[in-house]
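# Working through the structure, step by step
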There are 2 protein chains.
Amino acid sequence: MTSGRLAVVGLGPGAEAWRTPEASARLVHATDLVGYGPYLALVPARTPAPARHAFDNREEATRAQFALDLAAAGRDVVVVSSGDPGIFAMATAVVEELHRADDGRYRGVEVSIVPGVTAASAAAARVGAPLGHDFCCLSLSDVLKPWAVVEKRLEAVAGADLVVALYNPLSRHRPWQLGRAVEILRGHRSARTPVVLGRDLGRAGETVQITTLGDLDVADVDMRTVVIVGSSTTRAFEDELGHPWVYTPRAYPGALS
Amino acid sequence: MTSGRLAVVGLGPGAEAWRTPEASARLVHATDLVGYGPYLALVPARTPAPARHAFDNREEATRAQFALDLAAAGRDVVVVSSGDPGIFAMATAVVEELHRADDGRYRGVEVSIVPGVTAASAAAARVGAPLGHDFCCLSLSDVLKPWAVVEKRLEAVAGADLVVALYNPLSRHRPWQLGRAVEILRGHRSARTPVVLGRDLGRAGETVQITTLGDLDVADVDMRTVVIVGSSTTRAFEDELGHPWVYTPRAYPGALS
């Protein structure tokens with residue numbers, strides 16, 4: 001039996017205009033699509049239709065094993081992620097299962113990761129360039145890491161004046177984490193620090209909201225929002241037509257030139 | 001006179017297969033391309049040919065003004081960046097000039113940022129998922145920020161056990177900075193920590209090298225390399241066909257589940 005192949009594909013943030021040709025090509029050839037239901041729904045229909053295997057958002061390891069098993073059985077499998085599959089998405093789960101399988105059952109399966117535009121890049125683009133200087137991407141989910149680690153990291157990056165992009169800011173199961181994160185950031189930064197909330201980027205109903213660290217209302221954020229908190233140098237302004245912009249300047253105070 | 005428009009477009013890391021349809025569409029309609037010469041060379045020729053305005057890599061503010069002036073004169077301008085234009089690239093310079101111009105000369109110019117796949121995502125995809133957990137992107141250039149700020153940030157993120165993607169790791173004018181950065185990271189992390197060096201991703205001559213923090217040789221890095229240094233949990237392994245992988249697990253020690 002010939003082994004198949006498996007690609008973990010990043011759809012980018014919603015819009016087909018942000019999906020790379022490599023991602024689209026893998027989707028066109030796939031016999032099987034594996035993914036979280038709402039992400040599968042973003043893949044356009046085609047003839048012949050690939051099999052669609054929808055999973056719950058929390059079953060990452062099961063999903064990865066299922067996809068690898070299909071590929072080992074000779075199928076052309078695409079694991080569908082949104083954004084970039086390597087950033088808080090399915091690439092890690094697939095490589096973890098590949099590492100865990102030491103009995104040769106995935107031998108010969110050609111596995112590849114197809115990068116995409118991540119949500120923070122898309123949110124940043126909508127408002128200008130808040131990520132134009134040093135920044136970090138942190139997940140606020142404490143499902144797989146201790147909350148103490150999250151707090152330690154927030155303290156460290158806030159103290160080092162990095163722009164912070166928060167993924168998985170909150171969910172039904174994690175209602176208070178974002179509030180605590182904001183509290184930590186407020187301890188280090190001015191209430192006037194620009195904050196960008198990007199939700200459903202590139203999809204129907206996209207919203208992009210610019211606020212400040214002082215005014216940020218946790219009720220405006222849900223699990224589909226990426227939150228970008230500026231550094232001490234990040235600026236917001238309106239251009240002469242009233243269009244709002246946020247950017248982090250290239251120069252940092254104290255530079256020689 | 002009608003004002004034109006300006007898009008800061010991320011080509012993605014070299015390969016056309018990683019260029020978004022939105023980026024390609026803006027390139028097709030542009031009357032003028034503005035950019036660093038080697039990036040302009042990545043844009044395919046077409047008829048009618050747009051005017052190509054090549055600049056030196058260091059003239060970012062001049063380049064941004066030039067592009068905005070062209071757009072104000074009614075042209076359809078694309079400022080060409082590699083990777084994601086919002087990450088250590090041209091989006092910031094353009095928004096800065098927009099902010100600086102308070103005399104109305106860019107009023108009516110439609111400015112937009114077209115996101116792309118950033119180099120760290122592409123390098124990560126080539127080897128698996130080293131950015132699968134919390135990470136940061138730092139530029140080692142001290143042209144526009146004091147070196148002391150870079151060191152402070154490296155200490156902070158190394159102490160907080162973030163994966164670190166280093167952009168602009170060194171150049172002819174900045175020969176020692178990477179060595180010092182590696183020294184700081186070695187002070188916090190094991191010599192066995194996986195390190196990924198991605199150079200000319202998606203282009204002819206692409207190289208991706210996997211090494212460790214202990215073995216990392218600064219001579220293997222140049223200004224076209226992105227350097228990803230793992231955290232304490234990042235792992236490297238070879239699959240049964242000898243293909244090398246690097247990933248940062250989803251779970252962090254001490255998690256409840």
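Residues numbered from 1 in each chain as written. Chains lettered and ligands numbered in written order. Predicted model: local features only at pLDDT ≥ 70, side-chain atom pairs only at ≥ 80, totals over all residues. Heavy atoms only, no water.

### A closer look at the interface of chain A and chain B
Across the boundary between the two partners, chain A contributes 72 residues, which contact 72 residues of chain B. The three residues of chain A that bury the most area against chain B are A:L144, A:R153 and A:R250, which together make up 12% of that side's buried surface. Taken together, chain A and chain B are joined by 10 salt bridges. The closest approach of N and O atoms between A:R250 and B:E96, which form a salt bridge, is 3.2 Å. Connecting chain A to chain B are 34 residue pairs in polar contact (both at pLDDT 80 or more). Taken together, the residues of the side of chain A that touches chain B sort by class into 39 nonpolar, 16 polar and 17 charged. (Contact = heavy atoms within 4.5 Å. Buried area = accessible area lost by both parts, 1.4 Å probe. Salt bridge = Lys/Arg side-chain N within 4 Å of Asp/Glu carboxyl O. Polar contact = N/O pair within 3.5 Å; in protein donor to acceptor, adjacent residues only side chain to side chain. Nonpolar A, V, L, I, M, F, W, Y, C, P; charged D, E, K, R; others polar.)

### Notes on unusual backbone geometry
In most cases, non-glycine residues show a negative phi, while peptide bonds are predominantly trans. All names here are of chain A. The step from T47 to P48 runs through a cis peptide bond, and the omega angle for that step is -5°. Take P48: it is sitting in the loop between α2 (37-40) and β3 (51-55). In this model, F88 sits at a positive phi of 50°, which is unusual for a non-glycine residue. Tracing the backbone shows F88 in the loop between β4 (76-81) and α4 (90-100). (Helix = DSSP H or I, 4+ residues; strand = E, 2+ residues; numbered from the N terminus.)

### Remarks on the relation of the copies chain A and chain B
Relating one copy of the chain to the other requires a rotation about an axis plus a shift along that axis. For the pair chain A and chain B, the relating rotation is 180°, the translation along its axis is 0.0 Å, and the fit reaches an RMSD of 0.0 Å. Within this description, the copies of the chain are treated as partners about a two-fold rotation axis. Nearest to the rotation axis, the C-alpha of A:C136 is located 1.9 Å from it, this being the minimum over chain A. When the interface residues of chain A are mapped onto chain B, 100% of them are again interface residues, pointing to one common binding face. (Least-squares fit on C-alpha atoms with pLDDT ≥ 70 in both.)

### Structural notes on the pattern of salt bridges
In total, this model carries 36 salt bridges over all chains according to the counting rule given. Between A:R75 and A:D32 there is a salt bridge; the shortest N-O distance is 2.6 Å. Here A:R75 is found in the loop between α3 (60-72) and β4, whereas its partner A:D32 is found in strand β2 (residues 32-36), with 43 residues between them in sequence. Note on A:D32: relative accessible area 2%, which makes it buried. Here B:D161 makes a salt bridge to B:R189, at a shortest N to O gap of 3.9 Å. With a gap of 28 residues between them, B:D161 in the loop between α6 (147-159) and β8 (163-167) and B:R189 in the loop between α7 (177-186) and β9 (194-199) connect regions that are remote in the sequence. Each member of the pair, B:D161 together with B:R189, is buried. Several salt bridges converge on common partners, so that one network encompasses A:R199, A:D200, A:R203, A:D222 and A:R224. (Buried < 20%, exposed > 50% of the residue type's maximum accessible area, 1.4 Å probe, protein only.)

### Thoughts on the side chain of A:T193
Residue and element names in this part refer to chain A. One can find T193 in the loop between α7 (177-186) and β9 (194-199). The exposure class assigned to T193 is buried, which follows from its relative accessible area of 4%. At 2.6 Å, the side chain of T193 forms a polar contact with the backbone oxygen of S190. Excluding residues that lie within four positions of it along the chain, T193 makes contacts with T211, T212, L213, V229, G230 and S231.

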